Amino acid sequence: MRTIAVLFSLATLSAPLALVACGPKKPPKPVEPATTEMVSDAGDDAGGDAGPPAPQTLYDRLGGKDGVAAVIDSLIKNVSADAELKKLFAKDTGPKLDHFKQMLNDQFCEAAGGPCKYTGKDMKTAHAGMKINDVMWDAFVKDFTLALAENKVGDTETGELLAIVAPMHDDIVPPKKK
């Protein structure tokens, strides 16, 4: 009898299991893929140390296009009034003066690291036959330095600009004949 009771117990227990095992199955819950949060640092200054800012070009420190143009305007005014130089510039009027100013603007803009491109003649060709001497050169440098001061150009920038102009001396002032 005991065997029948055990078999009966097993039968009663296994019947519901069989129904569950053979019945319709529910689809398994989809497994969500693992995600990883990515944080991008595009170099913004929000809390990060971006390092020191890039140094400004001489062109930027001069005030860009307007700053260079103001210096050139002052330079033209100064050399036109200079007793040593005004003869050289007496015929530079109207469109010829405008072209000359544009060439100076482009030359200084490019030399100072600006976006301009100087397309004029090299200094030796541009000044050939003008009989420029050291007195005239010194007068030009004085007038240029005065133009920089009139436009409140700092000492550092003035030094940088004079260092740009200085090597032009040998192309502008012909060597003395022996």
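Note that the structure is a prediction, hence the values are computed from the model and not measured.

Moving on to the packing of helix 7 (residues 134-150) against helix 8 (residues 155-165). Across the interface, helix 7 lies against helix 8 with an axial gap of 11 Å and an inter-helix angle of 150°. Relative to helix 8, helix 7 is oriented roughly antiparallel. Two packed elements cross with a definite hand, and for helix 7 against helix 8 that hand is right-handed. The residues of helix 8 that touch helix 7, namely those facing Trp137, Phe140, Val141, Phe144, Thr145 and Leu148, are Thr158, Leu161, Leu162 and Val165.

Turning our attention to the environment of Ile76. For Ile76, the position within the fold is in helix 3 (residues 64-81). You can call Ile76 buried: its relative accessible area is 8%. In the structure, Ile76 is positioned 25 residues away from Lys101 in sequence and 7.8 Å away in space, judged by C-alpha atoms. Those residues within four positions of Ile76 in sequence are excluded, and the remaining contacts are Leu97, Phe100, Lys101 and Leu104.

On to unusual backbone geometry, then. Positive phi is not limited to glycine here, since Lys131 has a value of about 55°. With a phi angle near 55°, Lys152 is a residue other than glycine that sits in the positive phi range. Residue placement: Lys152 occurs in the loop between helix 7 and helix 8. For Lys152, a relative accessible area of 74% corresponds to the exposed category.

This next bit is on the packing of aromatic side chains. Summed over all chains, the structure comprises 4 aromatic pairs. For the pair Phe89 and Phe100, a centre-to-centre distance of 5.5 Å together with 55° between the ring planes defines the contact as tilted. You can see Phe89 sitting in helix 4 (residues 86-89) and its partner Phe100 sitting in helix 5 (residues 94-111), a full 11 residues away along the chain. Here the aromatic rings of Trp137 and Phe140 are separated by 6.2 Å at their centres, their planes lie at 35°, and the arrangement is tilted. Placement of the pair is Trp137 and Phe140 together in helix 7, with a separation of 3 residues, close to one helical turn. Phe140 carries the same exposure label as Trp137, and that label is buried. An aromatic cluster is built from Phe108, Trp137, Phe140 and Phe144, whose rings are joined through pairwise contacts.

Calculation criteria
Residues numbered from 1 in each chain as written. Predicted model: local features only at pLDDT ≥ 70, side-chain atom pairs only at ≥ 80, totals over all residues. Heavy atoms only, no water. Axes fitted to C-alpha atoms, helices over the stretch in contact; angles between N-to-C directions. Helix = DSSP H or I, 4+ residues; strand = E, 2+ residues; numbered from the N terminus. Parallel < 35°, antiparallel > 145°, perpendicular 65-115°, else oblique. Left-handed = near helix turned anticlockwise from the far one by under 90°. Contact = heavy atoms within 4.5 Å. Buried < 20%, exposed > 50% of the residue type's maximum accessible area, 1.4 Å probe, protein only. Phe/Tyr/Trp six-rings, centres within 6.5 Å; stacked < 30°, edge-to-face > 60°.

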